Amino acid sequence: MIEIKEISAPEAYAIRKDVLRENIPLTEKMEGDFDEETLHLGLFENGELGCVATFMPHESFHFKGFQYRLRGMGTHRDHQHKGFGKAVLTSAEAILTKKGVDVLWCNARVIALNFYKKSGWSIVGEEFDVHLVGPHYVMFKKLKDA
Ligand SMILES: CC(C)(COP(=O)(O)OP(=O)(O)OC[C@H]1O[C@@H](n2cnc3c(N)ncnc32)[C@H](O)[C@@H]1OP(=O)(O)O)[C@@H](O)C(=O)NCCC(=O)NCCS
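Residues numbered from 1 in each chain as written. Predicted model: local features only at pLDDT ≥ 70, side-chain atom pairs only at ≥ 80, totals over all residues. Heavy atoms only, no water.

- Within an unreviewed UniProt entry, the label attached to the protein reads GNAT family N-acetyltransferase, and the organism entered is Urechidicola vernalis.

## Description of the pattern of salt bridges
And step 1. Using the criterion set out here, one finds seven salt bridges in the structure.
And step 2. We note a salt bridge from E22 to R77, for which the minimum N-O separation is 3.3 Å. In this pair, E22 is assigned in the loop between helix 1 (9–20) and strand 2 (39–45) and R77 in the loop between strand 4 (67–75) and helix 2 (84–98), connecting sequence segments 55 residues apart.
And step 3. Overall, the relative accessible area of 48% leaves E22 in the partly exposed class. (Salt bridge = Lys/Arg side-chain N within 4 Å of Asp/Glu carboxyl O. Helix = DSSP H or I, 4+ residues; strand = E, 2+ residues; numbered from the N terminus. Buried < 20%, exposed > 50% of the residue type's maximum accessible area, 1.4 Å probe, protein only.)

## A closer look at the sheet that holds strand 6 (residues 122–130)
And step 1. The strand order across the open sheet formed by seven strands is 1-2-3-4-5-7-6, and the pairing between neighbours is mixed. A strand with exactly one partner marks an edge of an open sheet, and here the two such strands are strand 1 (2–6) and strand 6. The average undirected angle you get between the axes of adjacent strands in this sheet is 25°.
And step 2. Where strand 4 and strand 5 (residues 103–109) come together, three bridges link them in parallel fashion. (Pairing = 2+ DSSP bridges. Axes fitted to C-alpha atoms, helices over the stretch in contact; angles between N-to-C directions.)

This is the structure:
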């Protein structure tokens, strides 16, 4: 059985650390993890956590309106390419649309661009480097016209 529900920040740490911090000397903890408006979602398969993502208010100069930023998007290595990531994004979009969010955006690793494109996200701006992590693009999805 698949279930997507709100989780705490510490519940997201193990998957974040494994898939997003491998060979990268940065903490899996993120600024804003414990802010009231931050949302952490987890996808559970038969009670086991398989995918995590975090959504927090954050403004980028690229966009107008009420913005949320996606961070810490990760699927357990044993469960990638099973639709978990896409399901978490779909669930988040529904929750954030209800909150009145206009734009959801993220700094997307180049290796994940097609994952986001498959969920209807677009690139804006030029490639840039995130120190110790590598090349990224800003990607976004409009949840409503801002
Ligand atoms: C990127 C990641 C979150 C995708 O999660 P996932 O649960 O494996 O993705 P899904 O199975 O929901 O894939 C959804 C679609 O995207 C595609 N996709 C998934 N990962 C992809 C990738 N790295 N490159 C290209 N396409 C990808 C899938 O084939 C699928 O396509 P379909 O809808 O045509 O079947 C996961 O691979 C991961 O944790 N990677 C390591 C951490 C990372 O890079 N996170 C993103 C940082 S910005």
